[in-house]
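Spelled out from the first residue to the last, the chains are:
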Amino acid sequence: MKARILIVEDERAIQLALSGLLRREGYEAEVASSGEEALEKLAAAPCDLVLTDLALGRGTSGMDVLKGAKKLRPETVVVMITAHGSEKIAVEAMKNGAEDYVPKPFDNDEIRLVVQRALERTRLQRENRLLLEQVQKQYGFENLIGSGPAMQRVFATLQKVAETDLTVLVRGESGTGKELVAQALHNLSPRRGRPFVAVNCAAISRELVESELFGHEKGAFTGADARRQGRFEAADGGSILLDEIGDMAPETQAKVLRVLQERSFERVGGSKPIDVDVRVIAATHRNLEQEVGKQRFREDLYYRLKVVTLELPPLRERPEDIPALSQRFLERVTTRLGLEKRQLGDAALARLVRHRWPGNVRELANVIEQAAVLAPAPVIEEADLKLGGEPGSADGAAHPDPAGLSFADAKRSAVERFERGYLLEALRRSGGNISRAAEAMGMVRQSLQQKIRELGLRDEDWTIEDHEKENT
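Nothing here was measured: the structure is a model prediction, and the numbers come from that model. (Residues numbered from 1 in each chain as written. Predicted model: local features only at pLDDT ≥ 70, side-chain atom pairs only at ≥ 80, totals over all residues. Heavy atoms only, no water.)

Looking at the packing of aromatic side chains
How we decide: By convention, a stacked pair of Phe, Tyr or Trp rings (six-membered ring in the case of Trp) has centres within 6.5 Å and planes under 30 degrees apart, an edge-to-face pair has planes over 60 apart, and any other such pair is tilted. For helices the rule is a DSSP run of H or I covering at least 4 residues; for strands it is a run of E covering at least 2, with both sets numbered from the N terminus onward. Relative accessibility under 20% of the residue-type maximum defines a buried residue, over 50% an exposed one, and the middle range a partly exposed one, all with a 1.4 Å probe and only protein chains included.
All chains considered together, the criterion is met by four aromatic pairs. With 5.6 Å between their ring centres and 10° between their planes, Phe 214 and Phe 232 make a pair best called stacked. With a gap of 18 residues between them, Phe 214 in helix α8 (residues 209–214) and Phe 232 in helix α9 (residues 231–234) connect regions that are remote in the sequence. Exposure class is identical for Phe 214 and Phe 232. Each is buried. Seen from their ring centres, Phe 214 and Phe 265 are 5.6 Å apart, and the 40° between their planes marks the pair as tilted. With Phe 214 in helix α8 and Phe 265 in strand β9 (residues 264–265), the pair connects residues that are 51 residues apart, well separated along the chain. Aromatic rings pair up to connect Phe 214, Phe 232 and Phe 265 into one cluster.

Re the side chain of Arg 279
Quick reminder of the rule: The convention is simple: Lys and Arg are positive, Asp and Glu are negative, and His and the chain ends are not counted. Each salt bridge in this description consists of a side-chain nitrogen of Lys or Arg and a carboxyl oxygen of Asp or Glu lying within 4 Å of one another. Nitrogen and oxygen atoms within 3.5 Å of one another constitute a polar contact, given that in protein one can donate a hydrogen and the other can accept it, and given that sequence-neighbouring residues count only through two side-chain atoms. The criterion used for residue contact is that any of the two residues' heavy atoms lie within 4.5 Å.
Along the chain, the position of Arg 279 falls in strand β11 (residues 279–284). Here Arg 279 occupies a buried position and makes no salt bridge, while the nearest side chain of opposite charge, Asp 165, is found at 4.8 Å. In terms of polar contacts, Arg 279 uses its side chain to reach the backbone carbonyl oxygen of Val 161, at 2.9 Å. For Arg 279, the contacting residues outside a window of four places in its chain are Val 161, Ala 162, Thr 164, Asp 165, Leu 166, Val 168, Leu 185, Ser 189, Arg 191, Gly 238, Ser 239 and Ile 240.

Quick word on the pattern of salt bridges
Tallied over the full model, the rule gives 27 salt bridges. Here Asp 53 and Lys 104 are joined by a salt bridge, their closest N and O atoms 2.7 Å apart. Of the two residues, Asp 53 is situated in strand β3 (residues 49–53) and Lys 104 in the loop between β5 (100–103) and α5 (108–139); the sequence distance between them amounts to 51 residues. Looking at Asp 53, the relative accessible area reads 3%, which means it is buried. Three or more residues are tied together by salt bridges with common partners; here these are Arg 4, Glu 30, Glu 37 and Lys 41.

Looking at the environment of Arg 58
Secondary-structure assignment places Arg 58 in the loop between β3 and α3 (62–72). Arg 58 sits in the exposed class, given a relative accessible area of 81%. With 23 residues separating them along the chain, Arg 58 and Gly 35 place their C-alpha atoms 9.2 Å apart.

Details of a nonpolar patch on the surface
Put simply, the test is: Each patch is built from residues lacking any salt bridge and having more than 30% relative accessible area; the joining distance is 9 Å for like charges and 5 Å for nonpolar side chains (Val, Leu, Ile, Met, Phe, Trp, Tyr). In this description, accessible areas are obtained by the Shrake-Rupley approach with a 1.4 Å probe, and a residue is regarded as covered only by the protein chains that are shown.
Nonpolar side chains collect at one region of the surface, where Leu 337, Val 373 and Leu 374 lie side by side and expose about 280 Å² of accessible area between them. Turning to its location among the elements, Val 373 is positioned in helix α15 (residues 360–374). A relative accessible area of 43% means that Val 373 is categorised as partly exposed.

Details of the sheet that holds strand β6 (residues 168–171)
Note the threshold: Strand pairing requires that DSSP identify at least two bridges connecting the strands. Axes, fitted as lines to C-alpha atoms, cover a helix only where it is in contact. Angles between the N-to-C directions of the axes lie from 0 to 180 degrees.
Within the open sheet, the five strands sit side by side as β7-β8-β11-β6-β12. Their pairing is parallel. Strand pairing shows two members of the sheet lacking a second neighbour, β7 (196–200) and β12 (308–311), which therefore form its edges. Within the sheet, the average angular offset between the axes of one strand and its neighbour, ignoring direction, is 20°. Sheet topology note: the β7/strand β8 (residues 239–243) ladder contains five bridges and is parallel. Of the residues in β8, the one forming a bridge with Val 197 is Ile 240.

Quick word on the packing of helix α6 (residues 149–162) against helix α7 (residues 178–187)
Each pair of packed helices can be described by the angle between their axes along with the distance between the axes. As a reminder of what qualifies: For a crossing to be left-handed, the near helix must be turned anticlockwise from the far one by less than a right angle; the clockwise case is right-handed.
It is at 9 Å that the axes of α6 and α7 come closest, and there the two elements cross at 35°. Crossing handedness for the pair α6 and α7: right-handed. Counting all contacts with α6, which are made through Leu 158, Val 161 and Ala 162, the residues of α7 involved are Val 181, Ala 184 and Leu 185.

Things to note about helix α10 (residues 250–262)
The criterion, for reference: To estimate the expected span of a helix, subtract one from its residue number and multiply by 1.5 Å.
Here α10 is 13 residues long and its end C-alpha atoms lie 19 Å apart, about the 18 Å a rise of 1.5 Å per residue gives. Of the surrounding elements, those touching the buried residues of α10 are α8, α9, β8, β9, β11 and α12 (299–305). Arg 263 occupies a position one or two residues after α10 and carries a positive phi of about 55°.

Notes on the pairing of strand β4 (residues 77–82)
Formally: If the strands point away from the viewer and the path from the first strand over the helix to the second runs clockwise, then the crossover is right-handed.
Taken across its six residues, β4 has six buried, putting it largely inside the fold. On β4, burial covers both faces: Val 77, Val 79 and Ile 81 on one face and Val 78, Met 80 and Thr 82 on the other are all buried. Where β3 and β4 come together, five bridges link them in parallel fashion. Among the inter-strand pairings, Leu 49 is bridged to a residue of β4, identified as Val 77. Each parallel crossover has a hand, and the one from β3 via α3 to β4 is right-handed. Sheet topology places β4 next to β5; four bridges connect them, and they run parallel. Across the sheet, the residue bridging to Ile 81 is Val 102, located in β5.

Considerations on unusual backbone geometry
Going from Lys 104 to Pro 105, the amide bond is cis rather than trans, its omega being -10°. Here Pro 105 is to be found in the loop between β5 and α5. Despite not being glycine, Gln 295 has its phi angle at roughly 60°, a positive value. Topologically, Gln 295 is positioned in the loop between α11 (288–293) and α12. A relative accessible area of 72% means that Gln 295 is categorised as exposed. A positive phi angle, close to 60°, is found at Asn 360, a residue other than glycine. By the secondary structure assignment, Asn 360 is in helix α15. When its relative accessible area of 0% is taken as the criterion, Asn 360 is described as buried.

Note that every value here comes from positions in space, so none of it alone points to a role or purpose.
Okay, structure coming up:
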């Protein structure tokens with residue numbers, strides 16, 4: 001579509017010259033002989049750019065046109081035409097929202113360039129707004145936006161840092177949406193067309209994590225039958241999310257620190273440095289300050305990561321967002337599964353707001369999806385909600401609710417409790433030696449390590465001192 005330009009000029013000769021020039025350039029040009037006429041035309045229909053003389057004789061001035069245009073059509077670009085020696089007034093006009101100014105006398109090339117530049121900036125701003133809306137819709141970032149101050153701070157910070165290459169540390173409990181924030185950071189950045197690689201540091205065994213991150217050369221270790229590209233190399237030019245970095249082994253932390261400092265690394269078994277251009281986003285549910293104090297996390301890496309910190313609040317601290325989130329998840333699941341339209345009853349919604357949500361936004365999404373599928377009527381009632389505990393409990397967490405658990409869930413929970421107790425006892429008896437504990441249980445060492453990660457166990461869980469304290 002042609003850009004529509006409104007020319008505001010009280011001299012007939014200049015009107016004709018400007019309108020003829022702009023029409024030849026392919027624009028749709030309309031003229032107004034006074035400020036009052038210009039504002040009337042703006043009120044009646046939008047335009048892409050207003051080109052107005054600063055001095056319009058009697059009545060409404062060019063400055064008034066600028067202020068009126070910004071009030072009527074905030075998205076409209078205004079370029080001022082100023083008389084010789086009016087540069088100070090032109091600067092004031094730009095402070096009031098003018099995009100640019102052209103001093104008299106001007107030539108055709110100057111007008112062409114200023115108009116083209118102003119419309120190009122407008123186009124880019126419009127595309128950025130559309131991109132933001134698309135990213136929010138595609139990656140679910142709207143699920144993290146809330147009316148409370150904590151989420152507003154998160155979004156304001158994200159918008160400021162997305163266009164930069166600053167390292168970002170995203171902190172929050174499990175289920176608060178840390179990976180969604182990382183994905184949004186990437187897709188709102190200039191790297192959006194390059195790879196986004198997410199690595200769950202807690203899900204990779206200590207023996208394999210360096211190979212996963214940095215790759216390996218053929219023959220680097222038993223089973224390394226060919227050269228392999230690592231995650232950092234795969235993310236070159238883009239962004240990498242180091243999720244749950246608080247669970248990363250200290251020796252691997254040192255190598256990640258080197259990548260941050262030198263922007264290079266070596267494959268496992270290799271000696272040639274590989275340069276990499278990658279933005280690092282880290283995420284964790286752990287208190288890294290405490291981990292540093294206990295010497296489980298490198299202090300130098302901690303300060304390298306926390307250039308910018310985004311704190312995601314748990315859902316229990318923003319109950320005002322639960323109705324909007326619930327409606328969003330409900331619309332999403334009914335559309336995805338082709339279900340009839342559903343809505344939450346007042347009692348069900350009140351129950352959701354009272355719940356403590358230990359699993360945060362992820363738990364809420366699961367509860368809504370389950371209710372949407374299983375509820376017998378279009379209106380979801382309180383009895384249709386399968387919640388894991390009672391709201392407002394003294395310890396601030398939800399307790400298991402047998403009535404709300406299926407037989408399979410209850411069985412799974414019991415098995416997990418048994419496994420946890422059995423593993424902890426074996427590890428305590430072995431003095432924390434994983435190899436001896438695995439041998440005593442008839443397990444492979446790697447399998448025991450994987451089970452420890454699945455159950456979220458840490459060294460301090462099986463130390464003899466802690467065990468003695470539990471029994472005193």
